[in-house]
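# Survey of secondary and tertiary structure
The residues making up each chain are set out below.
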Amino acid sequence: AACSGQYVGLLRVAPLPRQPRIGLIAVRGEYRRRGIAEALLAEVLDSAYRRGIAWMAAEVKQSNQAAIALFEGVGARRTGSNLELVLR
């Protein structure tokens, strides 16, 4: 994500053969709480869905309540100690 020519956020996906994995979502501090991470996640999930990918994995630390809220807000569910995204 960019604003005024500066990078303000990014999302990295590792395209593993059996299980695509969201490896990182980051937004610069001064740009947080503006919906940037949610927009990045929505774009990636939509693109994956259009390619026929039914689910993705992500690991979120239990102490990272903002990330947990972000993922659960888009429909992720916990599987053991992980969150699982099912694209529908």
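For every chain, the first residue of the written sequence is number 1, and numbering continues from 1 onward in sequence order. Under the rules for a predicted model, residues below a pLDDT of 70 receive no local features and side-chain atom pairs below 80 are neither given nor counted, while totals for whole chains, interfaces and linings still include all residues. Excluded from the side-chain calculation are hydrogens and water; included are all heavy atoms of the structure.

Bringing the overall build of the protein into the picture now. Numbering of helices and strands runs from the N terminus, with a helix taken as a DSSP run of H or I at least four residues long and a strand as a DSSP run of E at least two residues long. When you go through the protein residue by residue, the secondary structure sums to two helices and seven strands. Listing the helices and strands of the protein from first to last along the sequence gives β-β-β-β-α-β-α-β-β. For 88 residues, the compact-globule formula gives about 12 Å, and the C-alpha radius of gyration of the protein, at 13 Å, lands near that figure. C-alpha extents for the protein along the principal axes are approximately 35 × 30 × 20 Å. It is over C-alpha atoms that the radius of gyration is taken, and the globule rule equals 2.2 Å times the number of residues to the power 0.38.

Categorising residues by exposure relies on relative accessible area from a 1.4 Å probe, with only protein chains included: less than 20% of the type maximum marks a residue as buried, more than 50% marks it as exposed, and the intermediate range marks it as partly exposed. When helix H2 (residues 65-73) is considered as a whole, its buried residues turn out to be Ala67, Ile68, Leu70 and Phe71. Considered in projection along H2, the buried side chains sweep an arc of 160° and stay on one side of the axis. Exposed side chains of H2 directed beyond 90 degrees from the buried face belong to Gln65, Ala66 and Gly73. Gly75 sits one or two positions beyond H2 and adopts a positive phi of about 100°. What the arc covers is the set of directions going from the helix axis to the C-beta atoms.

Further remarks concern the pattern of salt bridges. By salt bridge we mean one thing: a side-chain nitrogen of Lys or Arg within 4 Å of a carboxyl oxygen of Asp or Glu. Scanning the model with the defined rule gives three salt bridges in all. Note that Glu59 is salt-bridged to Arg21, the shortest N-O span being 2.5 Å. Of this pair, Glu59 sits in the loop between strand S5 (55-58) and H2 while Arg21 is found in strand S4 (residues 21-27), placing the two residues 38 residues apart along the sequence. A residue is classified by how much of its surface remains accessible, and Arg21, at 22% relative accessible area, is partly exposed. In this structure, Asp46 engages Arg50 in a salt bridge whose closest nitrogen and oxygen atoms are separated by 3.0 Å. Of the two residues, Asp46 and Arg50 both sit in helix H1 (residues 36-50), four residues apart, roughly one turn of that helix. The partly exposed category is assigned to Asp46, whose relative accessible area is 37%. A relative accessible area of 57% means that Arg50 is categorised as exposed.

With that out of the way, let us pick up the nonpolar core. Nonpolar core, defined: a set of buried Ala, Val, Leu, Ile, Met, Phe, Trp, Tyr and Cys residues in which side-chain atoms within 4.5 Å join the residues together. Counting residues in hydrophobic clusters, the biggest one holds 20 residues, and the most contacted among them are Leu11, Ile22, Ile36, Leu41, Met56 and Phe71. Broken down by element, the residue count for this core peaks at seven residues, all from H1.

By the convention used here, strands pair only if DSSP detects at least 2 bridges between them. Pairing analysis gives six bridges linking strand S3 (residues 9-14) to S4, with the strands arranged antiparallel. Residue pairing in the sheet places Ala14 in a bridge with Arg21 of S4. Hairpin connection from S3 to S4: six residues lie between these consecutive antiparallel strands.

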